[in-house]
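Spelled out, the chains give:
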Amino acid sequence: MKCPYCGFEETRVLDSRVDSSGFTVRRRRECLKCKGRFTTYERYEFGPIFVIKKDGRREKFDREKILKGIMKACEKTPVSLEDMEKAVDTIVNILQKSGNLEVSSTEIGKLVMEQLKGLNEVAYVRFASVYKDFREIDQFLEVVKELKNEK
Ligand SMILES: [Zn+2]
């Protein structure tokens, strides 16, 4: 990082400490040329994730939207809102960990299905039917069969 005073590219770190939250590192630096001192911070950065839709449009990742989709699939099932929230958190975590700034809607659909599979079978099949866009009853039955085989 360049010196803010003279633009020189080499600086030395005088002091480096993690703040009380444990999530930020603060560094005191000194420019090797003009001896000017300045502070830099190192923090986590979770930039916005963009979803690439099937038609190629990009849209900002929306946690609420995922939650709504899960809620809809879990309607009239014993799945609690807390479990649904957890499922969304897990999905967001996976996305952030991957470090990718773009993710396809197909990929998100897969992640949601994985979560629903562990929560409730009815919800899983419901979501799968929308996500996989079943046109034939056979396709639907196949998913149900797969589910049974995995038991
Ligand atoms: Zn300088």
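Residues numbered from 1 in each chain as written. Predicted model: local features only at pLDDT ≥ 70, side-chain atom pairs only at ≥ 80, totals over all residues. Heavy atoms only, no water.

- Going by an unreviewed UniProt entry, the protein chain carries the name Transcriptional repressor NrdR and comes from Thermosipho atlanticus DSM 15807.
- Among the UniProt annotations of the protein chain, the heading Function (unreviewed entry) holds the following wording: "Negatively regulates transcription of bacterial ribonucleotide reductase nrd genes and operons by binding to NrdR-boxes."
- Regarding the protein chain, the UniProt comment filed under Sequence similarities (unreviewed entry) reads as follows: "Belongs to the NrdR family." (UniProt positions renumbered as here; feature names shortened; annotations may be inferred.)

1. Considering the coordination of the zinc ion
Next, step 1: Within the protein, the atoms that donate to the zinc ion are Cys 3 (SG), Cys 6 (SG), Cys 31 (SG) and Cys 34 (SG), at distances of 2.2 to 2.3 Å.
Next, step 2: With 4 donor atoms in place around the zinc ion and angles of 107 to 115° between them, the coordination shape is tetrahedral.
Next, step 3: Read from N- to C-terminus, the donor residues coordinating the zinc ion fall into the pattern C-x2-C-x24-C-x2-C. Within this pair, whereas Cys 3 is found in the segment before strand S1 (11–18), its partner Cys 34 is found in the loop between strand S2 (25–31) and strand S3 (37–42), the two being separated by 31 residues in sequence.
Next, step 4: The buried category is assigned to Cys 3, whose relative accessible area is 4%.
Next, step 5: On the basis of relative accessible area, Cys 34 is assigned to the partly exposed category, the value being 36%. (Donors = N, O, S within 2.8 Å, 3.2 Å for Na, K, Ca; no water. Tetrahedral: all angles 85-135°; square planar, octahedral: opposite > 155°, others 65-115°. Helix = DSSP H or I, 4+ residues; strand = E, 2+ residues; numbered from the N terminus. Buried < 20%, exposed > 50% of the residue type's maximum accessible area, 1.4 Å probe, protein only.)

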